[in-house]
Amino acid sequence: MDTSRFDVIVIGGGHAGCEAAAVAARLGANTALVTHRRDTIGVMSCNPAIGGLGKGHLVREIDAMDGLMGRMADAAGIQFRMLNRKKGPAVQGPRTQADRKLYRQAMLAEIESIENLIIIEGDAFDVSIKNGRVAAVVMKDSRILPCGSVVLTTGTFLRGLIHIGDQKIPAGRVGEEPSVGLSQTLLSLGLRLGRLKTGTPARLDGTTIDWQNVGRQGADEEPVPFSFITDRIVNPQIECGVTRTTEETHRIIIENLQRSAMYSGQIEGVGPRYCPSIEDKLVKFGERDGHQVFLEPEGLDDSTVYPNGISTSLPAEIQDEFIRTIPGLERVVILQPGYAIEYDHVDPRELKPTLEVKKMPGLFLAGQINGTTGYEEAAAQGLVAGMNAARLAGDQAEVRFSRTDSYIGVMIDDLTSRGVAEPYRMFTSRAEYRLSLRADNADVRLTPLAIQVGAASAGRRNRFQAYRDALDTGRARLKALSVTPREAAGFGLKLNQDGQRRSAYDLLSYPDFALQDLKRIWPELGEMNGRVAEALEIEASYAVYMQRQSADIAQVKRDEDRVIPGDFDFSALSGLSNELKQKLRIARPYNVAQAAKIDGMTPAAISLLLVHLRRGAMDVAVSA
């Protein structure tokens, strides 16, 4: 491997960086992953869990693109649960507790095994620019690494500052130095930077917890893997503890609220609304007599426990005091106090949907640097940025994800068109087409794209093709089998007596019928592969709704495909107010779909924009 010049350099070895480096290398790019320390690659800095509502969809989509997170979670998962199991498949979310050590070991082994990819230890200090585009990464020790594209995945390291009460510690995470030089680099490029905050709870010694006095939550009896190519979960499955804060807990926290970094005025960054600290919970929901705390073991052979639900930035001695008022934790030993961390982020409206910086060709950003929170959101962005960085370095067309075909597309469109006022987290409610963007059909939606761009391994290609063929065969069989209402009644199935024949596929769209019921009429359906049968049953149940959405989806895709040239002169749009022209100049929307989301853009304004875009295309054609 030529190390004198790289096609792609990825800065940061977290979840975004690992996905970015892996996909770039899979696409054939000569890739380097720059990280402070090799042994921190794939570290889970916060809670030891992968997936959840909305987040589990992202993991499935990453896996469908042959990314890493799903397989690593399957290798390290120690408590698999399907959330929202009693609700429809569209909003169910796969989740697992993960063994931190197993996850980190699996990720490092995977990264080390990938061809075209090397790991470089060190501190990336600056990015060198030549002829208006990225040319090299400058290391703190003065090494210069020439490259075609750079992917920045700095997480919470950009001028990271840890807060524990009134104590301030410059750090990207506990025990690791922050990155200072790159913040200055981004400012010098004219990018808008903001300040965000996140936090984590104390870590507890599980051997000092009174497990007899807390509730228990077990894993699903039949764990459902994240990855399409994982046949079964082999790790032992564990229970988590469940307890609650008390009135005494609340009294101690409220009395010391001004000693919390969040409430003393020390922190300027905005925290995540959907993952509040215990201080925020008491201030905003003070009427509650208790808040749930999940005691999550961090590993099969690690006694450390993560108390999910009591993230805090109170002084260490106050943490020790309030935690001991929680049932089961009266004699607990705290291994590491909780803390808040604030860090710089770039306004994601500075990015194209490929996650390339508009003002600097060849520079891509992914993860918390774009204002998101969570491992899954970071990994999904890493996949998109790494893929497009590799394709740019190889002079290939960019790859964009639509909000109509993936949660990845929903997230990137939200970020690049709306920006963030707080750390962005994925929820199923963010996707208007969530009935079609289900966790169960991620492979059908996205693996063809992975195959098309060369991101899928031969093993996945073959396995997916066999699965898709089986789906096609099963679907055709279900549509070929039909029955009249009278015939169905003979098998105990009640239908409207209208004399019309209905296919087995049609019957599966009825809420009262499942494939098990249809086997009474057609016993041969029992021969269908279980995975295929389940997929077709879900697909058929949503088919009617999908047909209704098809026209809306087609319109959104058309608007997404209408790209606005980077040098488009919005001031020349006659018929628009000066205020709206100014908004367009500032936002510089990438396509018509983004332009439509700008406040004040009416259907008439969109029509004017389309007329000017068509006129510009005609002028180019004539001059060519």
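Definitions and cut-offs
- Residues numbered from 1 in each chain as written.
- Predicted model: local features only at pLDDT ≥ 70, side-chain atom pairs only at ≥ 80, totals over all residues.
- Heavy atoms only, no water.
- Helix = DSSP H or I, 4+ residues; strand = E, 2+ residues; numbered from the N terminus.
- Rg over C-alpha atoms; globule rule 2.2 N^0.38 Å.
- Pairing = 2+ DSSP bridges.
- Axes fitted to C-alpha atoms, helices over the stretch in contact; angles between N-to-C directions.
- Contact = heavy atoms within 4.5 Å.
- Salt bridge = Lys/Arg side-chain N within 4 Å of Asp/Glu carboxyl O.
- Buried < 20%, exposed > 50% of the residue type's maximum accessible area, 1.4 Å probe, protein only.
- Expected span 1.5 Å × (residues − 1).
- Arc of directions from axis to C-beta.
- Parallel < 35°, antiparallel > 145°, perpendicular 65-115°, else oblique.
- Left-handed = near helix turned anticlockwise from the far one by under 90°.
- pLDDT = per-residue confidence, 0-100.
- Phe/Tyr/Trp six-rings, centres within 6.5 Å; stacked < 30°, edge-to-face > 60°.
- Lys NZ or Arg CZ within 6 Å of the ring centre and 35° of its normal.
- Polar contact = N/O pair within 3.5 Å; in protein donor to acceptor, adjacent residues only side chain to side chain.

A.B. asks: Where do I start with the overall build of the protein chain in this structure?
C.D. replies: A tally of regular secondary structure across the protein chain gives 19 helices and 22 strands. Scaling as 2.2 N^0.38, a compact globule of 624 residues should have a C-alpha radius of gyration of about 25 Å, and the protein chain matches this with 26 Å. Along the longest, intermediate and shortest principal axes, the C-alpha atoms of the protein chain span 80 × 75 × 55 Å.

A.B. asks: What exactly am I supposed to notice about the sheet that holds strand S16 (residues 292-299) here?
C.D. replies: Sheet strands line up and pair through hydrogen bonds in the backbone, either parallel or antiparallel. The strand order across the open sheet built from six strands is S14-S15-S16-S17-S13-S18, with neighbouring strands paired in antiparallel fashion. Either end of the sheet is taken by a strand with one partner, and the two such strands are strand S14 (215-217) and strand S18 (334-336). Ignoring strand direction, the axes of neighbouring strands in this sheet form an average angle of 35°. Pairing of strand S13 (residues 203-205) with S18, which is carried by two bridges, proceeds in the antiparallel orientation. Following the sheet pairing, Arg203 is matched in S18 by Gln336.

A.B. asks: Where do I start with the sheet that holds strand S4 (residues 77-83) in this structure?
C.D. replies: Within the open sheet, the three strands sit side by side as S3-S5-S4. Their pairing is antiparallel. Either end of the sheet is taken by a strand with one partner, and the two such strands are strand S3 (49-51) and S4. Strand-to-strand twist across the sheet, computed as the mean angle between neighbouring axes with direction ignored, equals 20°. Strands in contact with helix H2 (residues 55-64) are S3, S4 and strand S5 (93-98); relative to S3, the strand with the most contacts, it is inclined by about 80°.

A.B. asks: What exactly am I supposed to notice about the pattern of salt bridges here?
C.D. replies: Opposite charge on two side chains lets them pair, provided their charged atoms get close. Enumeration according to the criterion identifies 46 salt bridges in this entry. A salt bridge links Asp440 to Arg438; its shortest N-O distance comes to 2.9 Å. Its relative accessible area of 25% is what places Asp440 among the partly exposed residues. Three or more residues are tied together by salt bridges with common partners; here these are Arg403, Asp413, Asp414, Arg418, Glu432 and Lys597.

A.B. asks: Looking at this structure, how should I read helix H11 (residues 442-453)?
C.D. replies: Note on helix geometry: an α-helix contains 3.6 residues per turn, so any two residues three or four positions apart are oriented the same way. Compared with an ideal rise of 1.5 Å per residue, which puts twelve residues at 16 Å, H11 spans 17 Å between its outermost C-alpha atoms and is within 8% of the ideal. Of all the residues in H11, the buried ones are Ala442, Asp443, Arg445, Leu446, Thr447, Ala450 and Val453. Projected down its long axis, H11 shows its buried positions confined to an angular sector of 165°, all on one face. Check the buried side of H11 and you find it contacts H2, helix H9 (375-393) and helix H12 (458-480).

A.B. asks: Is there a simple way to think about the packing of helix H1 (residues 15-26) against H9 in this case?
C.D. replies: Angle between the axes and distance between the axes are the two parameters that describe a pair of packed helices. Where H1 meets H9, the closest approach of the two axes is 7 Å, and the angle between their N-to-C directions is 30°. The angle between H1 and H9 places the two elements in the roughly parallel class. Where H1 crosses over H9, the handedness of that crossing is right-handed. Between H1, through His15, Ala16, Glu19, Ala20, Val23, Ala24 and Arg26, and H9, the contact on the second element is made entirely by Tyr375, Ala378, Ala379, Gly382, Leu383, Gly386, Met387 and Ala390.

A.B. asks: Any chance you could explain the confidence of the model for the protein chain here in plain terms?
C.D. replies: When pLDDT is averaged across the protein chain, the result is 93; 99% of the residues are at 70 or more. Note that residues 618-624 has pLDDT below 50 and, in this model, zero contacts with residues that lie over four places away or in other chains.

A.B. asks: I keep staring at the packing of aromatic side chains and nothing clicks. Help me out?
C.D. replies: The geometry of an aromatic ring pair is captured by two quantities: the separation of the ring centres and the angle between the planes. Tallied over the full model, the rule gives five aromatic pairs. A centroid spacing of 5.3 Å and a plane angle of 65° characterise the contact between Phe228 and Tyr467, whose relative ring orientation is edge-to-face. Of the two residues, Phe228 is situated in the loop between S14 and strand S15 (240-244) and Tyr467 in helix H12; the sequence distance between them amounts to 239 residues. Overall, the relative accessible area of 3% leaves Phe228 in the buried class. Between Tyr510 and Phe513, the ring centres sit 5.7 Å apart and the planes meet at 20°, which makes this aromatic pair stacked. Classification of Phe513 as buried rests on a relative accessible area of 10%. Within the aromatic cluster, the residues linked to one another by ring pairs are Phe228, Phe464 and Tyr467. Over the face of the ring belonging to Phe285 we find Arg288, whose NZ or CZ atom lies 4.9 Å from the ring centre. Arg531 extends its terminal NZ or CZ atom over the ring of Tyr467, reaching a point 5.6 Å from the ring centre.

A.B. asks: Explain helix H8 (residues 316-323) here, please?
C.D. replies: Residues of H8 that are buried: Ile318, Gln319, Phe322 and Ile323. End-on, the buried residues of H8 take up no more than an arc of 125°, which puts them together on one face. The elements touched by buried residues of H8 are strand S10 (161-164), S13, helix H6 (247-255), helix H7 (278-284) and S18.

A.B. asks: Whenever I open this one, the environment of Asn235 confuses me. Can you help?
C.D. replies: If you trace the backbone, Asn235 turns up in the loop between S14 and S15. On a C-alpha basis, the gap between Asn235 and Leu300 in space is 9.0 Å, while along the polypeptide they are 65 residues apart. Dropping the residues within four chain positions of it, Asn235 is found in contact with Asp74, Ala75, Ala76, Gly77, Ile78 and Leu102. Here Ala75 takes part through its backbone oxygen, which lies 2.8 Å from a polar atom of the side chain of Asn235. Among the polar contacts listed, one links the side chain of Asn235 to the backbone oxygen of Gly77, at a separation of 3.2 Å.

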